[in-house]
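Geometric and topological summary
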Amino acid sequence: RSDTSARLLQYGMADVARAPLLGPRDMADRPYHSKTDDEEQSPEGAERGGLATFAAGKAAGLDLNELYRLLVESVSDYAIFGLDPTGRIISWNIGAERIKGYAASEIIGKHFSVFYPSSDIEHGKAKWDLEVASAEGRFEDEEWRLRKDGSRFWCNVVMTAVHDPEGRLVGFAKVTRDMSERRR
């Protein structure tokens, strides 16, 4: 979390860096509320997390799962997608389409290794990335990836293992940021 938070702060995303790492399943049983100053300072308030953002979704008539889906789908500066435990793509946001060049209908069901240069595929890099994320909970690196048109781009990738309530691996969350401008 600290490496990710530092990167988010570096990119001017301080609110995201300080937010608890929650998904829709984490949010489902939590009440809607805004943090008070006391909650902001207390461990209990930090544990519950600030849900003021989600209260706006409730006011708009959205349930938390729908709001969470809309939040992820609307992010365009980051490719955010899900993988099943074997590395097949199961979800795709607009940022992934913009950065990687594939429409969701073209890429869902394909193995994520399509983004790896051939030398990485030959060396088993995609499989190794999955193994590290599975064993350690996450994998992060800066490396070359391929777009649909075959062009390379330098990116920061974070892959996080996703487990069900019983602790079984159900897949991976993958976030990619195009860092090509910084690399030049």
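Scroll up to find the structure.
Let me sum up the structure you'll find in this document. (Residues numbered from 1 in each chain as written. Predicted model: local features only at pLDDT ≥ 70, side-chain atom pairs only at ≥ 80, totals over all residues. Heavy atoms only, no water.)

1. Overview of the side chain of Ser180
For Ser180, the position within the fold is in helix 12 (residues 180-183). Side chain to side chain, Ser180 and Asp178 meet in a polar contact 2.6 Å long. (Helix = DSSP H or I, 4+ residues; strand = E, 2+ residues; numbered from the N terminus. Polar contact = N/O pair within 3.5 Å; in protein donor to acceptor, adjacent residues only side chain to side chain.)

2. Notes on the sheet that holds strand 5 (residues 169-178)
Pairing within the open sheet is antiparallel, and its five strands lie in the order 2-1-5-4-3. The outermost strands of the open sheet, each flanked by one partner alone, are strand 2 (89-92) and strand 3 (138-146). This sheet shows a mean twist of 25° between the axes of neighbouring strands, independent of strand direction. Here strand 1 (residues 79-83) runs beside strand 2; their pairing, made up of three bridges, is antiparallel. Following the sheet pairing, Phe81 is matched in strand 2 by Trp92. Packed on one face of the sheet, helix 11 (residues 125-136) meets strand 1, strand 3, strand 4 (152-163) and strand 5 and runs near 160° to strand 3. (Pairing = 2+ DSSP bridges. Axes fitted to C-alpha atoms, helices over the stretch in contact; angles between N-to-C directions. Contact = heavy atoms within 4.5 Å.)

3. Overview of the pattern of salt bridges
Applying the stated criterion across every chain, the model contains 12 salt bridges. Taking the shortest distance from any N to any O, the salt bridge between Lys127 and Glu131 comes out at 3.8 Å. Of this pair, Lys127 and Glu131 both sit in helix 11, separated by four residues, roughly a single helical turn. With a relative accessible area of 59%, Lys127 lands in the exposed category. (Salt bridge = Lys/Arg side-chain N within 4 Å of Asp/Glu carboxyl O. Buried < 20%, exposed > 50% of the residue type's maximum accessible area, 1.4 Å probe, protein only.)

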